[in-house]
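Architecture and fold: a report
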Amino acid sequence: NPQPYQFPLAVFAASGYAVLRCNIRGSGGYGPEFRFAIMEDLGGVDFDDVMAGVDHVIDLGVADPERLGVLGWSYGGYLAAWTITQTHRFKAACMLAPVANLVSFTGTTDNHELFPGYFKIEFWDDAELFVTRSPVMQAGGVATPALFLHGEADTRVPISQSREMYDALRQQGCETQMVTYPGMEHVPADAGQLLDIMERSLGWFDRFL
């Protein structure tokens, strides 16, 4: 896929990694019913679809079940963070600007309507729903080595989101690292930042996979 992306997918492939990009429910291109299938079920059917895709490429003999990694940016970062709270199958994770806490995110982002829109309710009307679907609230027992990358000037997903998840893992003794980028907003644009993201994410996977 030649589309530009925050992670160096072509470099991963050139380095011998098989890269799976699932068209999970909630993604675009398959009509409104498919797009809105995650309404009120964030971290549900989308996570199921990721795992179904992983199982499929394992069955094909493409992926090694003992050397799986997961990575994502923004909502993909949320889903990667959620994934490592739900399964120990992945041996490494890399997240760029992930959402970790749906309550604190909603109170600090410049897009307050995002998750209340997904859940069709404000967090003060059903705090339990927002809490139970927050990766940081499910972080107990996470053992997947996790790398967090975040722009310090990100107003869409504030940097505190990575800090919450990073601290939760670090306090449990999970192998983790957090790198911040001065001046970087939600979408990396500086060539030096993109190069650093490439080198760090690839190096993290090389180390653990």
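Everything discussed here concerns the structure shown above.
Given the structure is predicted, the values throughout are model-derived calculations rather than measurements.

**A few points about the nonpolar core**
Membership of the largest hydrophobic core comes to 44 residues, with the highest contact counts inside it found for I84, M95, F115, M165 and L169. For this core, the secondary-structure elements that each account for two or more residues are α3 (45–59), α4 (75–86), β2 (92–96), α5 (102–108), α6 (114–119), α7 (127–132), β3 (146–151) and α8 (160–171). Top element by residues in this core is α3. It accounts for 7 residues. Once residues within four sequence positions are removed from consideration, M165 is found in contact with A81, T85, A100, P135, V136, A139 and F148. Among the nonpolar cores identified, the runner-up in size contains 19 residues, and L9, V179, M184 and F205 belong to it.

**Structural notes on unusual backbone geometry**
A positive phi is found at E40, a non-glycine position, where the angle reads about 65 degrees. Position of E40 relative to the elements: it lies in the loop between α2 (32–35) and α3. Taking relative accessible area as the criterion, E40 reaches 45% and is therefore assigned partly exposed.

**Topic: the pairing of β2**
Across the 5 residues of β2, 5 count as buried, placing the element largely inside the fold. Neither face of β2 is left uncovered, since the one carrying A92, C94 and L96 and the one carrying A93 and M95 both have all their residues buried. Summarising the sheet, strand β1 (residues 69–73) and β2 pair through 5 bridges and their orientation is parallel. Residue G69 lies in a different strand from β2, and its bridge partner there is A92.

**Points about helix α9 (residues 191–208)**
The end-to-end C-alpha distance of α9 is 26 Å, a good match for the 26 Å that 18 residues give at a rise of 1.5 Å each. All buried positions along α9 are accounted for by Q193, I197, S201, L202, W204 and F205. Seen from one end, α9 has its buried residues packed into an arc of 155 degrees, which puts them on one side. Away from the buried face of α9 by more than 90 degrees, exposed residues A191 and R207 are located. Against α1 (9–14), β1, β2, β3 and β4 (176–181) lie the buried residues of α9. The opening residue of α9 is D190, an N-cap whose side-chain oxygen sits 2.8 Å from the backbone nitrogen of G192.

**Some points on the pairing of β3**
Burial analysis of β3 places 6 of its 6 residues in the buried class, which makes it a mostly covered element. Going residue by residue along β3, you find A146, F148 and H150 tucked away on one face and L147, L149 and G151 tucked away on the opposite face as well. When β2 meets β3, the two strands line up parallel, connected through 4 bridges. Paired with A93 across the two strands is A146, which belongs to β3. Strand direction decides the pairing type here: β3 and β4, joined by 6 bridges, are parallel. Note that in β4 the partner of L147 across the bridge is Q177. After leaving β3, the chain enters α8 and then returns to the sheet as β4, a path that is right-handed.

**Overview of the packing of α3 against α4**
Running from amino to carboxyl end, α3 crosses α4 at an angle of 75 degrees, the nearest separation of the two axes being 11 Å. With respect to each other, α3 and α4 are oriented roughly perpendicular. Of the residues in α4, those touching α3 at D46, F47, V50 and M51 are Y75, L79, W82, T83 and Q86. Per-class residue counts for the contact of α3 with α4 are 6 nonpolar, 2 polar and 1 charged.

Parameters and conventions
- Residues numbered from 1 in each chain as written.
- Predicted model: local features only at pLDDT ≥ 70, side-chain atom pairs only at ≥ 80, totals over all residues.
- Heavy atoms only, no water.
- Core = buried A, V, L, I, M, F, W, Y, C linked by side-chain atoms within 4.5 Å.
- Buried < 20%, exposed > 50% of the residue type's maximum accessible area, 1.4 Å probe, protein only.
- Helix = DSSP H or I, 4+ residues; strand = E, 2+ residues; numbered from the N terminus.
- Contact = heavy atoms within 4.5 Å.
- Pairing = 2+ DSSP bridges.
- Expected span 1.5 Å × (residues − 1).
- Arc of directions from axis to C-beta.
- Polar contact = N/O pair within 3.5 Å; in protein donor to acceptor, adjacent residues only side chain to side chain.
- Right-handed = clockwise from strand over helix to strand, strands pointing away.
- Axes fitted to C-alpha atoms, helices over the stretch in contact; angles between N-to-C directions.
- Parallel < 35°, antiparallel > 145°, perpendicular 65-115°, else oblique.
- Nonpolar A, V, L, I, M, F, W, Y, C, P; charged D, E, K, R; others polar.

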